[in-house]
Amino acid sequence: MLSKIFVHADGGSRGNPGPAAIGVLILDEEKNELESYNERIGNATNNVAEYKALLKALQLAVKHTRKEVHVFMDSELVINQMNGIYKVKSPELFELFQQVKDYEGEFTKVVYNHVPRENKFQTKADWLVNEALQ
């Protein structure tokens, strides 16, 4: 088990709502890839897909650490909601938000970071989403 990992998560839909997918990339502290994952999740909005990607990322992360997880996403909405900067107004998103908050208890520390979609690891997470949608 590692003491710290980095997770890049992304979700997207074609049509918003429309066919949706998630992508997750898990890295060790040296930025070596530990795992990648993608999945079609049916029809969803972009925001629902982003939250489902985050939840799956934490579910996958427990295989690698129970200590520190640094989550990176290009969704400003999700990151700011997880950090308590924005309120979660949508009941559907609040349910997913609560699931993520509950899952945080599996780790000593979870840190949420916003990154531009051009970040090289975020680009890979986005590629995984698009790969699942093909």
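A brief structural summary. Going along each chain's sequence as written, the residues are numbered from 1 onward. Where totals are concerned, whole chains, interfaces and linings use all residues; where local detail is concerned, this predicted model gives features only for residues with pLDDT of at least 70, and gives and counts side-chain atom pairs only at 80 or more. The basis for every side-chain value is the complete set of non-hydrogen atoms in the structure, without hydrogens or water.

**A word on the side chain of His-64**
Working step 1: Considering the arrangement of structural elements, one finds His-64 in the loop between α1 (46–61) and β4 (68–73).
Working step 2: By relative accessible area, which is 15% here, His-64 ends up buried.
Working step 3: A distance of 2.8 Å separates a polar atom in the side chain of His-64 from a polar atom in the side chain of Glu-35.
Working step 4: Whether two residues touch is decided by their heavy atoms; if any such pair falls within 4.5 Å, the residues are in contact. His-64 has contacts with Met-1, Leu-2, Ile-5, Ile-26, Leu-34 and Glu-35, leaving out every residue within four places of it along the chain. Helix and strand definitions here come from DSSP, where helices need a minimum of 4 consecutive H or I residues and strands a minimum of 2 consecutive E residues; each element is numbered from the N-terminal end. Only protein chains enter the area calculation, which uses a 1.4 Å probe; residues under 20% of their type maximum are buried, those over 50% are exposed, and those in between are partly exposed. A 3.5 Å cut-off defines polar contacts: any pair of N or O atoms within that distance qualifies, except that in protein one atom must be a possible hydrogen donor and the other a possible acceptor, and neighbouring residues in sequence count only when both atoms are side-chain atoms.

**Observations concerning the pattern of salt bridges**
Working step 1: Salt-bridge detection follows one rule: a side-chain nitrogen of Lys or Arg within 4 Å of a carboxyl oxygen of Asp or Glu. Across all of its chains, the model carries 6 salt bridges by this definition.
Working step 2: The residue Lys-4 makes a salt bridge to Glu-68 at a minimum N-O spacing of 3.9 Å. Here the residue Lys-4 occupies a position in strand β1 (residues 4–13), and Glu-68 occupies one in strand β4, the gap between them amounting to 64 residues.
Working step 3: On the basis of relative accessibility, which here comes to 23%, the residue Lys-4 falls in the partly exposed class.
Working step 4: For the salt bridge of Arg-117 with Asp-74, the shortest nitrogen-to-oxygen distance reads 3.9 Å. Taken together, the residues span a long stretch of sequence, with Arg-117 in the loop between β5 (109–114) and α4 (120–133) and Asp-74 in the loop between β4 and α2 (76–82) at a distance of 43 residues.
Working step 5: Classification of Arg-117 by relative accessible area gives exposed; the value is 55%.
Working step 6: For Asp-74, a relative accessible area of 13% gives the class buried.

Note that all results are geometric; they support no functional claim without further evidence.
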